[in-house]
Protein chains: 2
Amino acid sequence: MSVHLNPPNPAELFPIQGVRIGVTQANIRKANRKDLTVMLLDEGASVAGVFTQNRFCAAPVQVCREHLAPGTGIRALLINTGNANAGTGDQGLADALHTCQALAGRLGLSAQQVLPFSTGVIMEPLPVDRIEAGLEAALADARADNWLHAAEAIMTTDTVPKAFGAQVMIDGVPVSVTGISKGAGMIHPNMATLLGFMATDACISPTVMNQLVAELAQGSFNRITVDGDTSTNDSFVVIATHRAAHAPITSLSSLAGQALKTALLGVAQKLAQAIVRDGEGATKFITIVVEGGRTPTECRQVAEAVAHSPLVKTAFFASDPNLGRILAAIGYAGIADLDPKNIDLYLDDVHVATQGGRHAAYVEADGQRVMKQSDIIVRVVLGRGNASDTLWTCDLSHEYVSINADYRS
Amino acid sequence: MSVHLNPPNPAELFPIQGVRIGVTQANIRKANRKDLTVMLLDEGASVAGVFTQNRFCAAPVQVCREHLAPGTGIRALLINTGNANAGTGDQGLADALHTCQALAGRLGLSAQQVLPFSTGVIMEPLPVDRIEAGLEAALADARADNWLHAAEAIMTTDTVPKAFGAQVMIDGVPVSVTGISKGAGMIHPNMATLLGFMATDACISPTVMNQLVAELAQGSFNRITVDGDTSTNDSFVVIATHRAAHAPITSLSSLAGQALKTALLGVAQKLAQAIVRDGEGATKFITIVVEGGRTPTECRQVAEAVAHSPLVKTAFFASDPNLGRILAAIGYAGIADLDPKNIDLYLDDVHVATQGGRHAAYVEADGQRVMKQSDIIVRVVLGRGNASDTLWTCDLSHEYVSINADYRS
């Protein structure tokens, strides 16, 4: 049994006008692998990002937040794998800034126009010299059709690169969206991090970029969980280069705004789901839909309780329709006045529980059939309102323990 | 590597005057094992309990809450293993009540004077006939020195029985405390539940019993976590028979009250810790102490984030001093204004992290030495107040996945 990984289709990785990408081998942690990426933006691009809520956030995350604060002027992204520059204190901040300066100097920019991203080992000093030494080769490699190489160059324990794209017509003009991501757990061992980068040539008013990236994250990367751990380095960045010749989008609720957001969200969801599919040790891709709640927040609470329960996750690994575990997780999700008698539970199309117990028509063979699939939908109907929420997660396997117990040894 | 299990010492399992216990084989789920226990209380005993917060609470939990509500008159406990009577809807409630009636009828009591407890498979009908058929033999076995047999008869996937006792002098009178518990995860697969029963011959005013059981639970069973899952059936009951000839304890803050509570808490903590030591697949016993917080609640939040992190737990399993994982868990515990620079992290006596990074004097060999132990103390100092909290947990091993993935198959 293994989950479907959805590898990239090069034909849909559209070059984005105004974005050039270069990658190289800088030997940051391992030899003979691409580990350094530069993403160069033409003047005038809009950039917005969302970052980990972890208080132990990494140095590059702190620098990104500062450099994005003015709202304009970002011209380059610098991404390394092999070292997360997290848990590195003041030296880490100085190191992150130093690499920004090194790239900015070669491009005639100020350091504040560069965003740094790091993923890899935590609590080891960033090898600034090796990064600096790799910049020339990365810049020499810069071209528009390099998305797949970048997706490879940002991997850590990922088993496949993650890259998707889409096109949408706006005002009769084709607009392209391309994105890459990495991460095989919400946090990696010493290999911290979820990273996501998306670019579009759409013309979007800078004033809606922050709202756009927040809504995209909410509908994609904030809906996935592998092990419930939140990285020190999680970063998701959206770039708009304004090269497409449609009228500027000044509101996400306009027709054009909705069309663009739908295209972007589709790619963001594929990028996010690809991380779960490639989750550490994952053998199943599980969609948890919670409906009939009073608020989306309480639906999310229930979905997270189910998604994070080690007992539920091991039951999926075992293809065991052990429904009591799901009901128990719903019960301890923290909704104080939840009435079990109003709850219905479905595995795909199979109605398994109702009125506080097993559904009269349920037979274990039906549950077993669904549990054996590599893609499973768990649907919980709370029966107390009209709100809903969705999470994507994976199972918990022997391989997860092996990867995380053995990684450093 | 394996954790020390602290098996019972029969010499410290003091008979409690006014409590008789009988066990038998009722073939509830498996043949040839003790699975039914009656605990008979002389008239006048005080009984109080705390129960799972899970909204999907089992039928016996609902019945216990109702029967305890009047505050007096409980004369018998009826405990079965093999079936949890959870997720069984209205029929489950009727079944639980039926078994209370069956026992009450044989003892000349009302059903309201019996407390029922069930642990085992979820969502299967309680085999009421087999329980009723076993009552005669259980009653015939009733005697004061039967605590060890009861500890065995309430086991599910536990690998050892859990029973401890203590004596304390109050007003020059020896007072005895004996308790038993079961559970090898906060919830078991289909074998739900943590159960804890303690009895003392102390003379305690009924008015302080609820406060006593709440404080004991808070200091013991509420401080343990194996996998973060909360059972449908968790129950903890304290019985006082008032047979010891000291002056009645009317306040827990009196000298006598403090002495008694200390003795009870010591036993409750051993019972709780024994559950973690026997945790599913556990190879390490880990004490997580969080100090220097503004409130005990925020200290608990941090301790839970560390204790529940699969990445931290697998690092303990691997004896890998992978400190970034602990720092990351502290960082995502949800304290919005936590300053990483004020945090110190210790493994036993080894100072591993300070000021947002590795401690200058820390060398990995020191961390490695502590991580190889079977008992480990993780101490987190938040540096923002004087509150503290403590949790006990275990590691996450291959064996945990095996037990929970393979249990029903």
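What you see is a predicted model, and the numbers here were worked out from it, not measured in a lab.

The rules we used
- The residue numbering used here restarts from 1 in each chain and proceeds along that chain's sequence as written.
- Each chain is given a letter, starting from A, and each ligand a number, starting from 1, according to the order in which they appear as written.
- Side-chain atom pairs in this predicted model are given and counted only at pLDDT of 80 or more, local residue features only at pLDDT of at least 70, and totals for whole chains, interfaces and linings cover all residues.
- In this description a helix means any DSSP run of H or I spanning at least four residues, a strand means any run of E spanning at least two, and both kinds are numbered starting from the N terminus.
- Our radius of gyration is a C-alpha quantity, and the globule rule it is checked against amounts to 2.2 Å times the number of residues to the power 0.38.
- Counting other C-beta atoms within 10 Å of its own, a residue is labelled buried from 20 upward, exposed at 12 or fewer, and partly exposed in the gap between, with every C-beta atom placed from the backbone.
- Confidence of the predictor at the level of single residues is captured by pLDDT, which takes values from 0 to 100.
- We call two residues in contact when the distance between their C-beta atoms, placed using the backbone, is within 7 Å.
- Two strands qualify as a pair provided that DSSP identifies no fewer than 2 bridges between them.
- The atoms used to superpose the copies are C-alpha atoms, taken from residues with pLDDT of at least 70 in both, and the fit is least squares.
- Given a helix with a known number of residues, its expected span is that number minus one, times 1.5 Å.
- Only C-alpha atoms enter the line fits that serve as axes; for helices the fit covers just the stretch in contact. Angles between N-to-C directions range over 0 to 180 degrees.
- Note that domain bounds follow an automatic or database assignment of domains.
- Charged means Asp, Glu, Lys or Arg here, nonpolar means Ala, Val, Leu, Ile, Met, Phe, Trp, Tyr, Cys or Pro, and polar covers whatever is left, Gly included.
- To sort the angles, those under 35 degrees are grouped as roughly parallel, those over 145 as roughly antiparallel, those from 65 to 115 as roughly perpendicular, and the leftovers as oblique.
- The handedness criterion is simple: a crossing whose near helix is rotated anticlockwise from the far helix by less than a right angle is left-handed, and one whose near helix is rotated clockwise is right-handed.

Would you mind going over the overall build of chain A with me for this structure?
Each helix and strand counted, chain A has 11 helices and 16 strands in total. Against the compact-globule benchmark of 22 Å for 409 residues, chain A has a radius of gyration of 22 Å, which places it among compact chains. With the C-alpha coordinates aligned to their principal axes, the bounding extent of chain A is approximately 70 × 55 × 40 Å. Expressed as a percentage of the 409 residues in chain A, the buried residues total 61%.

Just checking my understanding: could you explain the confidence of the model for chain A for this structure?
The predicted coordinates should not be examined in detail at positions where pLDDT is low. All names here are of chain A. With 96% of its residues at a pLDDT of 70 or more, chain A has an overall mean of 91. This stretch, residues 186-192, has a pLDDT under 50; its non-local contacts, to residues over four places away or in other chains, come to 42 contacts. Predicted complex metrics record ipTM = 0.71 and pTM = 0.81.

Please clarify how the pairing of strand S11 (residues 285-293) of chain A should be interpreted in this entry.
Each regular strand displays side chains that alternate between the two surfaces of the sheet. Residues and elements named next belong to chain A. Note: S11 against strand S15 (residues 375-381), 7 bridges, orientation parallel. Residue pairing for S15: Ile 286 is matched across the bridge by Ile 376. Bridge analysis of S11 against strand S16 (residues 387-394) gives 7 bridges, and the strand direction is antiparallel. The residue of S16 that forms the bridge with Gly 293 is Ala 387.

Mind showing me how you'd approach the relation of the copies chain B and chain A here?
Put simply, the two copies of the chain differ by a rotation about an axis and a shift along that axis. Under the fitted operation, chain B is carried onto chain A by 0.0 Å of movement along the axis and a turn of 180 degrees, and the coordinates agree to an RMSD of 0.0 Å. Such a turn and shift between the copies fits a two-fold axis. When each C-alpha of chain B is compared by its distance to the rotation axis, His398(B) comes out closest, at 2.9 Å. Both copies contact each other with a shared surface, as 100% of the interface residues of chain B are interface residues in chain A too.

Any chance you could explain helix H2 (residues 89-107) of chain B here in plain terms?
Because each turn of an α-helix spans 3.6 residues, side chains separated by three or four positions in sequence point in the same direction. Residues and elements named next belong to chain B. Here H2 is 19 residues long and its end C-alpha atoms lie 28 Å apart, about the 27 Å a rise of 1.5 Å per residue gives. Among the residues of H2, those classed as buried are Gly 92, Asp 95, Ala 96, Leu 97, Thr 99, Cys 100 and Leu 103. For H2, the elements touching its buried residues are strand S2 (36-41), helix H1 (59-68), strand S4 (76-83), strand S5 (114-121) and helix H3 (128-140). Trailing H2 by a residue or two, Gly 108 shows a phi angle of about 70 degrees, which is positive.

Looking at this structure, I do not really get the sheet that holds strand S13 (residues 350-354) of chain B. What am I missing?
The strands making up a sheet are joined through hydrogen bonds of the backbone, oriented either antiparallel or parallel. All names here are of chain B. Pairing within the open sheet is mixed, and its 7 strands lie in the order S9-S16-S11-S15-S12-S13-S14. Each edge of the open sheet carries a strand with a single partner, namely strand S9 (224-225) and strand S14 (357-358). Along the sheet face, helix H10 (residues 364-371) touches strand S12 (344-347), S13 and strand S15 (375-381) and points at about 120 degrees away from the line of S13.

How do you make sense of the domain arrangement of chain A when you look at a structure like this?
Think of interface size as the accessible area that goes away when the parts come together; that is how it is often given. Residue and element names in this part refer to chain A. According to the domain assignment, chain A consists of domain 1 (10-277) and domain 2 (285-406). The straight-line distance from the C-alpha centre of domain 1 to that of domain 2 is 33 Å. The partner domain 2 presents 10 residues to the 10 residues of domain 1 that form the contact. Residues belonging to the side of domain 1 that touches domain 2 are distributed by class as follows: 4 nonpolar, 4 polar and 2 charged.

I keep staring at the interface of chain B and chain A and nothing clicks. Help me out?
Chain B puts 51 residues into the contact, and the matching count from chain A is 52 residues. Elements supplying a minimum of two residues to the side of chain B that touches chain A: helix H8 (310-317), helix H9 (323-331), S14 and helix H11 (398-406) of chain B. Counting residues per element, the side of chain B that touches chain A draws most heavily on H9(B), at 8 residues. Classifying every residue of the side of chain B that touches chain A gives 22 nonpolar, 21 polar and 8 charged.

Explain H8(B) here, please?
Counting buried positions along H8(B) yields 8 of 8 residues, so the element is predominantly enclosed. Taken residue by residue, H8(B) has Pro310(B), Leu311(B), Val312(B), Lys313(B), Thr314(B), Ala315(B), Phe316(B) and Phe317(B) as its buried positions.

Any chance you could explain the sheet that holds strand S3 (residues 46-51) of chain B here in plain terms?
All names here are of chain B. Judged by pairing direction, the sheet is mixed, and its 5 strands sit side by side in the order S3-S10-S8-S7-S6 without closing on themselves. Only two strands of the sheet have a single neighbouring strand rather than two, namely S3 and strand S6 (162-170). Averaged over all pairs of adjacent strands, the angle between their axes in this sheet comes to 15 degrees, without regard to strand direction. Pairing geometry for S6 and strand S7 (residues 173-182), over 9 bridges, is antiparallel. If you follow Phe 164 over to S7, its bridge partner there is Gly 179.

It is not clear to me how the pairing of strand S10 (residues 235-240) of chain A should be interpreted in this structure. Could you clarify?
Residues and elements named next belong to chain A. Buried residues dominate S10, accounting for 6 of its 6 residues. Burial along S10 is two-sided: the face carrying Ser 235, Val 237 and Ile 239 and the face carrying Phe 236, Val 238 and Ala 240 are both buried. Two strands pair when backbone bridges link them, and strand S3 (residues 46-51) and S10 are joined in this way by 6 bridges, in the antiparallel orientation. Across the sheet, Ala 48 pairs through a bridge with Val 238, a residue of S10.

Got a minute to help me understand the packing of helix H7 (residues 296-308) of chain A against helix H9 (residues 323-331) of chain A in this structure?
Relative placement of two packed helices is described by the angle separating their axes and the distance separating the axes. Residues and elements named next belong to chain A. At a closest axis distance of 8 Å, the pairing of H7 and H9 adopts a crossing angle of 135 degrees. When the axes of H7 and H9 are compared, the pair comes out oblique. For the pair H7 and H9, the crossing hand works out as right-handed. Across the interface between the two elements, Val 302, Ala 305 and Val 306 of H7 pack against Ile 326, Ala 329 and Ile 330 of H9. Tallied by class, residues from the contact of H7 with H9 come to 6 nonpolar, no polar and no charged.

How should the packing of helix H8 (residues 310-317) of chain A against H9(A) be read in this particular structure?
All names here are of chain A. Close contact between H8 and H9 brings their axes to 9 Å; oriented N to C, the two are set at 155 degrees. As far as their axial angle goes, H9 and H8 are roughly antiparallel. As for how H8 packs across H9, the hand of that crossing is left-handed. Residues Leu 311, Val 312 and Ala 315 of H8 form the contact with H9, whose participating residues are Arg 325, Ile 326 and Ala 329. Considering only residue class, the contact of H8 with H9 consists of 5 nonpolar, no polar and 1 charged.

Would you mind showing me how to read unusual backbone geometry here?
What you tend to see is this: most non-glycine residues have negative phi, and most peptide bonds are trans. At Ser319(A), a position not held by glycine, the phi torsion is positive, near 55 degrees. Tracing the backbone through its elements, the reader meets Ser319(A) in the loop between H8 and H9. Residue classification places Ser319(A) among the buried residues on the basis of 21 C-beta atoms within 10 Å. The phi angle at Gln355(B) is positive, at roughly 50 degrees, despite the residue not being glycine. Owing to 14 C-beta atoms within 10 Å, Gln355(B) belongs among the partly exposed residues under this scheme.

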